[in-house]
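So the chains spell out like this:
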Amino acid sequence: MSAEKGVDFDGLLVDLDGVVWVGDRALPGASEAVQELRDRGVALMFLTNDPTGSRTEYAARLAGVGVVATRSEIVTSGSALASVIPNPEGVGSTVFVVGSSSLKAELAEAGLTLLDNDRGRDADVVAVGAHSGFDYDELRVAAQAVRRGATLYGAGRDATFPMPDGPWPATGSILAAVETAAGATAVVVGKPEPLMFDLARSALPHCSRLATVGDDLRSDIAGGRRAGLATILVLTGTSTRRDLEGDGEQPDVVVEDLAELARLCATARDRQRAQDRRNA
Ligand SMILES: [Mg+2]
């Protein structure tokens, strides 16, 4: 498969951390790349395993780096939790949340009743996402609720996230504490589990050639493959060329950054359109 033929996608599920930005810094050329892809008719969804912000907050953060995106074009592990917990075969309507105020707002907006403090011991569901205010009482109430029969959900299993002064604990670290204290294993919705990919894909029903774009072989690439998507690795984040040397997960396409991907996609789309015109 030639590189150009290999990137003639009509929809991309784009990771944020390590693809569009790193920490507070927008990656060079990322916003122009998004525009170029859209100009060529490539539909985009943005996916993040970070449950600390709401979709509205992510839309604002994207606008801050020059990317226009609506709330409905964003899937976070928090919004994935909000979509899966209250489903018709769901597990109940009261929830104790270990997580940020934004995660709590997403879950409340989805129709769940949030139980605070010790009332949380009687919740039907415990939902866990990393937040900087995590403390012993939250851990205790979460564990007690699960031991009383609540179903345990986690936004993800990423142990850490990159920060300028070294990795900080992510949802996976806090979830491990809750699982240990509760003696239970959580249902996890973040990448590499298929739910976020499925939610994003269902928002692009008109697309037939979809790929996931990410910087992490374990979550984005392995997860995308399991979800039946083509996979594109960018080298602006977690995984490096050296990580590709082993016999681990291999993406379908490797590019330096989102800008290179946009150039390849544009060329492939232009070529395909010229071909279609000739055949018409
Ligand atoms: Mg990432």
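Residue indices follow the written sequence of each chain, beginning from 1 at its first position. Residues qualify for local features only when their pLDDT is at least 70, as the model is predicted, and side-chain atom pairs are given and counted only at 80 or more; totals for whole chains, interfaces and linings, by contrast, use all residues. To get the side-chain values, all heavy atoms of the structure are used, and hydrogens and water are removed first.

Chemist: Explain the overall build of the protein to me, please; I cannot follow it from the model alone.
Modeler: What counts as a helix is a DSSP run of H or I of at least four residues, what counts as a strand is a run of E of at least two, and both are numbered from the N terminus. A count of helical and extended segments in the protein gives 10 helices and 15 strands. As a reference, a globule follows 2.2 Å times the number of residues to the power 0.38, and the radius of gyration itself is taken over C-alpha atoms. Taking 280 residues into account, the globule formula puts the C-alpha radius of gyration at 19 Å, and the protein, at 20 Å, falls close to it. A total of 280 residues make up the protein; the buried ones form 49% of that total. Within the protein, contacts between residues separated by at least 24 positions form 67% of all contacts whose residues are at least 6 apart in sequence. Working note: accessible area of the protein is about 12900 Å², and carbon and sulfur atoms make up 50% of it. Buried, partly exposed and exposed residues are distinguished by accessible area as a fraction of the type maximum, computed with a 1.4 Å probe on protein chains only: under 20%, between the cut-offs, and over 50%, respectively. Should any heavy atoms of two residues lie within 4.5 Å, those residues are counted as being in contact. Exposure was quantified through the Shrake-Rupley algorithm and a 1.4 Å probe, taking into account, for residues, occlusion by the shown protein chains and nothing else.

Chemist: Just checking my understanding: could you explain the pattern of salt bridges for this structure?
Modeler: A side chain of one charge can pair with a side chain of the opposite charge if their charged atoms are brought near each other. Here, a salt bridge means any Lys or Arg side-chain nitrogen found within 4 Å of an Asp or Glu carboxyl oxygen. Taken as a whole and judged by the stated rule, the model has 20 salt bridges. A salt bridge links Arg 55 to Glu 106, with the nearest nitrogen and oxygen atoms 2.8 Å apart. Within this pair, whereas Arg 55 is found in helix H3 (residues 55-64), its partner Glu 106 is found in helix H5 (residues 101-109), the two being separated by 51 residues in sequence. Salt-bridge contacts for Arg 71 lead to Glu 109; the nearest nitrogen and oxygen are separated by 2.8 Å. With Arg 71 in the loop between H3 and strand S5 (74-76) and Glu 109 in helix H5, the pair connects residues that are 38 residues apart, well separated along the chain. Each of the salt bridges in this network shares a partner with another, and the network as a whole consists of Asp 118, Arg 121, Asp 137 and Arg 140.

Chemist: How should the coordination of the magnesium ion be read in this particular structure?
Modeler: Note on metal geometry: ideal angles are 109.5 degrees for four donors arranged tetrahedrally and 90 or 180 degrees for six donors arranged octahedrally. Keep in mind that water is not among the atoms, so a site may look incomplete; donors are the N, O and S atoms within 2.8 Å of the metal, or 3.2 Å for Na, K and Ca. For the magnesium ion, every protein donor is listed as Asp 15 (OD), Asp 17 (O) and Asp 215 (OD), and the spread of their distances is 2.0 to 2.2 Å. All donors of the magnesium ion belong to a single chain; written as a sequence motif, their spacing is D-x1-D-x197-D. With Asp 15 in strand S1 (residues 11-15) and Asp 215 in the loop between strand S13 (210-214) and helix H9 (217-226), this pair connects stretches of sequence that are 200 residues apart. For Asp 15, a relative accessible area of 7% puts it in the buried group.

Chemist: What is the right way to look at the environment of Val 20 in this model?
Modeler: Inspection of the secondary structure puts Val 20 in the loop between S1 and strand S2 (21-22). Residue Val 20 is classed as buried on the basis of its relative accessible area of 1%.

The values reported here are purely geometric and, on their own, carry no functional implication.
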